Amino acid sequence: MKAPSNRDFVRQSNVSFTQPRRLRSFWQVIHIDPILLAGLLALCGFGLFVLNSATGGDAETIARQAGTMGIGLVVMCAVAQFDIQFYRRWAPTAYVLALLILGLVLVIGVEKNGAKSWLDLPGLPSFQPSELLKFIVPMLLAWYLASRALPPNLKHVFWAGVFTLLPAALIVLQNDMGTALMVTMSGIFVVLLAGLRWRVVFAGIFAALIASPAWYLFLAQPHQKNRILTFFDPYRDPTGAGYNIIQSQIAIGSGGVYGKGYGNGAQSHLDFIPESNTDFILAVLAEEFGLIGVLVLIALYLFVIIRGARIALTASDMFGRLLAGSITLTFFLYLFVNMSMVSGLLPVIGLPLPLISRGGTAVVTLFIGFGLLMSIQTHRVTRPAR
Amino acid sequence: MEGRWQLKDREAERRLFARRMLVASIVIALLFAALLVKLINLQITQYDYFAARADGNRLHSQYVPPARGLIYDRSGELLADNQPIFNLSVVRERVDDIEETLELLSSLIRLAPEDVEQFRERLKRRRVPFSSVPLRYVLTEEEKARVSVNAHRLPGISIEPQFVRSYPSGELNAHAIGYVSEINREELDAFAEDVRENYGGTNHIGKTGIERTYETLLHGEVGYEVVEKNNRGQVMRRLERTDPIAGKNLTLYLENRLQRVATEALGEHRGAVVAIDPATGGILAMVSKPGFDPNLFVTGISNADYSRLITDTVNTPLFDRTVNPYPPASTVKPFIGLGGLQHGFTDTDTVIQDPGYFRLPGVRYRWGDYTLRTAIGGGHGETNLQRAIFQSCDTFFYDLGYRMGIDTIHSFLSQFGFGQNFALDVGYARTGVLPSREWKQATRNEPWYPGDTINSSIGQGYMWATPLQLATATAIAANKGVVVKPRMLAAIDGEPFEPQDPNPVGNVQIDNPEHWRYIEESMTMVVHRPYSQVFRDYGTAYEAIARADRDMSYKMAGKSGSAQVVSIAQDILQSEDIDLSDLNKDHALFVAYAPAQHPTIKPQIAVAVFVENGQHGSSVAGPVAKAVIDSYLLDILEIDFAAVATDPDALLSEDAERARQSDENSPSLVALIAEHEGHRHD
């Protein structure tokens, strides 16, 4: 049974109906979602705790990381203050601007760690514009698809693909495959959540499976091939390419169920684990706190993910849903790829463990995403469209 | 219209989205489940394996080398010490690219091509995996700092403190103490398995001298420890330790002060001095000159230094002259004379007429006395054994030796250690040659000729003896037949050491004790018999020893010798125009013991001096022996002979009286002639 109030004909769908005004709680006034905030604070605290051991109690690093997290929280709160409709309105403009900046980076960008993706403008801290695309792309796609009938037809999917791949290609040109991949995935998540037909989905997966050997043979860089070979057999070069994964598996495995105790992780404290502060910090955690520690971390992540999913499901419009869903799934993808790579379930891809690994820009980017989630959650009472 | 105006079913879209989120949740759950399975596999199923791998990563069992025993001289002066140095070591297994690492290192510290070459050699040797291999010894403070600062770029490289040998007396004891140097592959391969284990942490081994002879005592026993290392091979913690047992400290009979005196007394000459305590056989001095700095060998001698040592074919600093044989020449005469007395081929009254040469019956060839080579010319006239010794008359011994025959000479002299190595702990000493019929047949495949005996009876020809052997024989003579065997080691860790003698020999039995007294008297006359009006009736060493030191408070028994370096036909020697180059000059020898003819004090020291190309036994080698004996008796033992009541000996009094007269007359023509001759021969 379908009530007539549930259907209408719209063009460029704005919210054209008014929800009953509810009593606005304290949290809604300050536009913060307390449950998500609690989950994030718990994760941040746990992250600092693990990082303290991984850095060998380097107070300076811990303080800097805590500072970064504080900045992230402030940015998150700031982002959450704006109505989600504001982001919706400005999404196309932001997208075009972002493309222009990416083009600018290609011309005047600065290279760090092999990727020419940094912009060093006078008077501003140097930053990676490509990070912004991680939420601008899903924002644009959500804007584009939410106003069209769902599930999207092929034309819309085509344009969605173009909107996604255009910035991704620019980021590939900056030689930053990891970010390009995540940007692409955030776009794909929007399309999938928008109801892309399953036959298209399976056709895509099938095509990827067919194409991957060809990619491996003709397009993959030597270091990429090496990573894949190492994934299948880390011991083909145990002191070279396979060293990281072997040592990190030794750390995780030797942690056992209960772990060796806080600060007793010999593998990390004797520097056997490379990148123990950043990409491989899970190995430190697993060695010192064992399986139980990893389960606690997974539980904290799940808490955040479930809250994100809940926000997505209860969002008052499709733009909010799609954006919240994509942000949540991208967050999951991050942590899953990192945990899988460190434990040897996936080839090594240079992605940090969100909110646990030491890092600057990526942390702030994450908090912008969470700010958008809070905006979606707390600005659900919307004004009628003009 | 279509595509721009579409039916928008909000509720259907919401449900579609909810379904998609459900699918996503299922996928997330499945992926987490897969991750969980992987973690359970790592942390529970394979826990034991990974726990062992983690321990294997960090825990390393390594050897702890024992401290090498120290070496002291008789008076407690330190001759071989251990000093800390800092070495640069490499754990090969931890280094990714050894070439790159070596290149980086050579930009930080001095790394000679030889160092790298030796390092590669060491890498090839059998060794424990993950053990550190030395690359450079003795880093300076600055080099240490440079390496430390760059440690993060140098995985597998570490700075390890190590105690290495140092020889504070340097060149002085180079031959006697020897040196340690790096163990080479052959030495390691020659070890039995348990010994090789014991050398697991040791880089050095004794190569020569005492260091080699007593390697087993000095080395000690290796210890073990389990350490935790980080991924750069740096030791972070020690977990378990079995302490090594340090090597034993050795005290030698060697007297460093005597070494110094002997070295100084030799002056610029090449040569050797061996001094023995006749009571114990303890070697008091053992100097070979020139020496070398043994410290150079400890941490790997540079090619330049080494080639400087081995290409010096004249001075041959690495060659130990104390244990290598030379013709003993006239120094054997007292022993041949004693043998003649014992076996009845002569007695104290037998007098021969010396015309200056000796001729075998029926043979025209003449064996010349050395006097033929002097300006005055031939012979000593009427000569008994005593005069033949203190005047060193060749003709007398040609005759005596010929009549004794080589068999008697061989059997009698071998009691004094000639032709054998009597030394108990100088295994590397050569045996020289005490010729016999069998020896000549075996080595030269020739029968023994009477002429060979004649050469042998003045210590030439086939007869060869080392300075060590001469000192030993002299000590036995000083003991009047009681055989002592030379030895270096006096005490181990302060406990007196009594060595096992694997081939004990009996004492030299002389039926008539008067003959010992007679020989001692004759040898004392070599040093103390002064000039007189009688033609050629002074001791050959009187001028250089007793006359040079009129206040000599003790008597010394001695015998000089001049060993021919090149076999110049005796006829040619008569010609005046032979110009011998320095290297062809005779070797000068002198054997002595003291105090001699003392009523209460037994002989305390027996000395053999060898001066290469020194030419004059009495005037060149004699004063060296005098200096060593003076230093030992007067400075080290501090014997005050004036205070010791002496029973005036008739003969000594007679000599003393004659010396006084001779001084009053001098410079008489006779004394001048004698002086001249004294420099020409002994």
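These figures come from a predicted structure and were not determined experimentally. (Residues numbered from 1 in each chain as written. Chains lettered and ligands numbered in written order. Predicted model: local features only at pLDDT ≥ 70, side-chain atom pairs only at ≥ 80, totals over all residues.)

**A word on the overall build of chain A**
Secondary structure assignment for chain A yields 14 helices and three strands. Expressed as a percentage of its 386 residues, the buried residues of chain A come to 47%. (Helix = DSSP H or I, 4+ residues; strand = E, 2+ residues; numbered from the N terminus. Buried ≥ 20, exposed ≤ 12 C-beta atoms within 10 Å, placed from the backbone.)

**So, the overall build of chain B**
In terms of helices and strands, chain B carries 25 helices and 22 strands. In chain B, which comprises 682 residues, the share counted as buried stands at 43%. Sequence separation of 24 or more characterises 76% of the internal contacts of chain B that already satisfy a separation of 6 or more. (Contact = placed C-beta atoms within 7 Å.)

**Quick word on the interface of chain A and chain B**
In this assembly, 48 residues from chain A lie in contact with 42 residues from chain B. Among the secondary structure elements, those contributing two or more residues to the side of chain A that touches chain B are β1 (7-10), α7 (177-193), α10 (243-255), α11 (266-269), α12 (281-314) and α13 (318-343) of chain A. A breakdown of the residues in the side of chain A that touches chain B according to their chemical character gives 27 nonpolar, 15 polar and six charged. (Nonpolar A, V, L, I, M, F, W, Y, C, P; charged D, E, K, R; others polar.)

**What about the sheet that holds strand β21 (residues 587-594) of chain B?**
Residues and elements named next belong to chain B. If you walk across this open sheet you meet the five strands as β13-β12-β22-β21-β20, and the pairing is antiparallel. One side of each edge strand has no neighbouring strand; the edge strands of this open sheet are β13 (283-289) and β20 (557-563). Taken pair by pair, the neighbouring strands of this sheet meet at an average axis angle of 5°, ignoring direction. Two elements, β21 and strand β22 (residues 605-611), share seven bridges in a ladder whose sense is antiparallel. Within the sheet, the bridge partner assigned to V591 lies in β22 and is A608. Helix-sheet contacts for helix α19 (residues 467-478) involve β12 (271-276), β21 and β22, and the interaxial angle to β22 is about 150°. (Pairing = 2+ DSSP bridges. Axes fitted to C-alpha atoms, helices over the stretch in contact; angles between N-to-C directions.)

**Some remarks on helix α6 (residues 154-173) of chain A**
All names here are of chain A. Relative to the 28 Å expected for 20 residues at 1.5 Å per residue, α6 spans 28 Å between its end C-alpha atoms, a close match to the ideal helical length. Those residues of α6 that fall on the buried side of the exposure criterion are H156, A160, F163, T164, P167, A168, L170 and I171. Against the buried residues of α6 lie α4 (84-108), α5 (129-146) and α7. The first or second residue beyond α6 is N175, which carries a positive phi of 70°. (Expected span 1.5 Å × (residues − 1).)

**Looking at the nonpolar core**
Ranked by size, the top nonpolar core spans 118 residues in total, and within it V273(B), V274(B), A275(B), A285(B), V607(B), V609(B) and V628(B) carry the most contacts. Element by element, the count of residues in this core is highest for helix α16 (residues 394-414) of chain B, at nine residues. Counting the residues that make up this core, at least three belong to each of domain 2 (60-252) and domain 3 (256-680) of chain B. Leave out the neighbours within four places in its chain, and A275(B) touches L258(B), L284(B), A285(B), A471(B), I605(B), A606(B), V607(B), V628(B) and Y632(B). Listed in part, the 117 residues of the second largest apolar core include I84(A), A286(A), L297(A) and F50(B). (Core = buried A, V, L, I, M, F, W, Y, C linked by C-beta atoms within 7 Å. Domains from an automatic or database assignment.)

**A few points about the pairing of β13(B)**
Of all seven residues that make up β13(B), seven are buried, and the element is covered over most of its length. The antiparallel hairpin formed by β12(B) and β13(B) contains six residues in its connecting segment, where G281(B) sits at a positive phi of about 85°.

**Focus on helix α3 (residues 59-81) of chain A**
Residues and elements named next belong to chain A. With 23 residues, α3 should cover 33 Å at 1.5 Å per step; its first-to-last C-alpha distance of 33 Å lies within 8% of that length. Buried residues of α3: Q65, M69, G72, L73, M76, V79 and A80, and no others. Here the buried face of α3 lies against α2 (34-54) and α14 (361-378).

**A closer look at the packing of helix α14 (residues 333-342) of chain B against α16(B)**
Residues and elements named next belong to chain B. Contact pair α14 / α16: the axes reach a minimum separation of 9 Å and the direction vectors enclose 90°. Considered as vectors, α14 and α16 are oriented roughly perpendicular to each other. Across the interface between the two elements, K333, F335, I336, G339, G340 and Q342 from α14 touch F397, L400, G401, M404, T408, I409, F412 and L413 from α16. Considering only residue class, the contact of α14 with α16 consists of eight nonpolar, five polar and one charged. (Parallel < 35°, antiparallel > 145°, perpendicular 65-115°, else oblique.)

**What to know about the environment of K440(B)**
Within the secondary structure, K440(B) is located in helix α17 (residues 437-444). Setting aside chain neighbours within four positions, we find K440(B) in contact with P435(B), E446(B), W448(B) and Y462(B).

**Describing the sheet that holds strand β9 (residues 223-229) of chain B**
All names here are of chain B. In spatial order, the strands read β2-β9-β10; together these three strands make up an open sheet with antiparallel pairing. Here the strands that pair on one side only, and so sit at the sheet edges, are β2 (59-64) and β10 (235-242). Geometrically, the sheet is characterised by an average inter-axis angle of 30° between neighbouring strands, direction not taken into account.

**Quick notes on the packing of α5(A) against α7(A)**
Residues and elements named next belong to chain A. Relative orientation of the contacting elements α5 and α7 amounts to 20°, with a least axis distance of 9 Å. Classified by the interaxial angle, the pair formed by α5 and α7 is roughly parallel. Considering only the axes of α5 and α7, their crossing is right-handed. Taken together, the residues of α7 that come into contact with α5 (itself represented by S130, L133, K134, V137, P138, L141, A142 and L145) are T179, M182, V183, S186, G187, F189, V190 and V191. The residue inventory of the contact of α5 with α7, partitioned by class, reads eleven nonpolar, four polar and one charged. (Left-handed = near helix turned anticlockwise from the far one by under 90°.)

**Description of the pairing of β22(B)**
Of all seven residues that make up β22(B), seven are buried, and the element is covered over most of its length. A two-sided burial pattern is seen for β22(B), the buried positions comprising I605(B), V607(B), V609(B) and V611(B) on one face and A606(B), A608(B) and F610(B) on the other.

**Regarding unusual backbone geometry**
Residue and element names in this part refer to chain B. The omega angle of the peptide bond from K289 to P290 is -5°, so this bond is cis rather than trans. In this structure, P595 follows A594 across a cis peptide bond, with omega equal to -10°. The topology assignment puts P595 in the loop between β21 and β22. In the Ramachandran plot, V138 falls in the positive-phi region, its phi being about 55° despite a non-glycine side chain. In this model, N613 sits at a positive phi of 55°, which is unusual for a non-glycine residue. Topologically, N613 is positioned in the loop between β22 and α23 (617-636).

**A few points about the confidence of the model for chain B**
Residues and elements named next belong to chain B. For chain B, per-residue confidence averages 86 on the pLDDT scale, and 90% of positions sit at 70 or higher. Low pLDDT, under 50, characterises residues 647-653; the predicted model gives this stretch six contacts beyond four residues in sequence or across chains. Confidence metrics for the complex model read pTM 0.68 and ipTM 0.89. (pLDDT = per-residue confidence, 0-100.)

**Quick word on the environment of R517(B)**
Residues and elements named next belong to chain B. Along the chain, the position of R517 falls in helix α20 (residues 513-528). Owing to 13 C-beta atoms within 10 Å, R517 belongs among the partly exposed residues under this scheme. Residues R517 and Q597 lie 80 residues apart in sequence; the distance between their C-alpha atoms is 8.2 Å.

**Description of the environment of I281(A)**
Residues and elements named next belong to chain A. Inspection of the secondary structure assignment puts I281 in helix α12. Distance from I281 to V342, taken between C-alpha atoms, is 8.6 Å for residues 61 residues apart in sequence. The contacts of I281, once residues within four sequence positions are left out, are V50, L51, A54, S276, L353, I356 and S357.

**Side note on the confidence of the model for chain A**
Residue and element names in this part refer to chain A. Averaged over every residue, the pLDDT of chain A is 86; the share at 70 or more is 92%. Here residues 1-20 scores under 50 on pLDDT; set against residues more than four positions off or in separate chains, the count is 24 contacts. Low pLDDT (under 50) marks residues 382-386, which in the prediction has seven contacts with non-local residues, meaning those over four places away or in another chain.

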